[in-house]
Amino acid sequence: TSNRIRFVGGVARSELICQTLADITGKVIERIHHPENAGAFGAAAIVAKGLGRIENFEEIKSKIALKDIFY
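Residues numbered from 1 in each chain as written. Predicted model: local features only at pLDDT ≥ 70, side-chain atom pairs only at ≥ 80, totals over all residues. Heavy atoms only, no water.

Okay, the confidence of the model for the protein next. Averaged over all residues, the pLDDT of the protein is 92; the fraction at 70 or higher stands at 99%. Summarising per-element confidence for the protein, the mean pLDDT is lowest in helix H3 (residues 58-62) (82) and highest in helix H1 (residues 15-25) (97). (pLDDT = per-residue confidence, 0-100. Helix = DSSP H or I, 4+ residues; strand = E, 2+ residues; numbered from the N terminus.)

Encoded structure:
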């Protein structure tokens, strides 16, 4: 299991919620830029894969910029 959680969605905009989740789980919480748009980004990534612009799904994670990390 991973020690990191990539937290997305509208509630991930809250620093308090991110830090609380890190404190409760004991895991590192990674918050991306514009976490409320993660679903749209995922859909775009699938299209890019289908068009051959992305080789494999593992490559997608490297294209998602992190905004904050909570310990």
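Direction of pairing for strand E1 (residues 4-7) relative to strand E2 (residues 28-32): parallel, over a ladder of 4 bridges. For Arg4, the partnering residue across the bridge sits in E2 and is Val28. Crossover handedness for the path E1 to H1 to E2: right-handed. (Pairing = 2+ DSSP bridges. Right-handed = clockwise from strand over helix to strand, strands pointing away.)

Now for the side chain of Arg31. For Arg31, the location among the structural elements is in strand E2. A relative accessible area of 3% means that Arg31 is categorised as buried. A polar contact of 2.9 Å, which involves the side chain of Arg31, links it to the backbone oxygen of Arg13. Those residues in contact with Arg31 that sit more than four places away from it in its chain are Phe7, Ala12, Arg13, Ser14, Glu15, Cys18, Leu66, Lys67, Asp68 and Phe70. (Buried < 20%, exposed > 50% of the residue type's maximum accessible area, 1.4 Å probe, protein only. Polar contact = N/O pair within 3.5 Å; in protein donor to acceptor, adjacent residues only side chain to side chain. Contact = heavy atoms within 4.5 Å.)

Turning our eyes to something else, we now look at the environment of Leu66. Within the fold, Leu66 resides in strand E3 (residues 66-70). The spacing of Leu66 and His34 is 32 residues in sequence and 9.5 Å in space, taken between C-alpha atoms. Filtering out sequence-adjacent residues up to four positions away, Leu66 remains in contact with Arg6, Glu30, Arg31, Ile32 and His33.

Mapped onto the elements, Leu21 comes out in helix H1. When the C-alpha positions of Leu21 and Phe70 are compared, they lie 8.8 Å apart, and in sequence the two are 49 residues distant. What Leu21 contacts, discounting residues up to four positions off in sequence, is Phe7, Gly26 and Ile29.

Taken together, 3 strands build an open sheet; the order of strands is E1-E2-E3 and the sheet is mixed. Strands at the two margins of the open sheet, each flanked by one partner only, are E1 and E3. Across the sheet, the mean angle from the axis of one strand to that of its neighbour is 25°, orientation sign disregarded. Taken together, the 4 bridges between E2 and E3 define a ladder with antiparallel strand orientation. Across the sheet, Ile29 pairs through a bridge with Phe70, a residue of E3. The sheet strands contacting H1 are E1, E2 and E3, and the helix crosses E2 at an angle near 155°. (Axes fitted to C-alpha atoms, helices over the stretch in contact; angles between N-to-C directions.)

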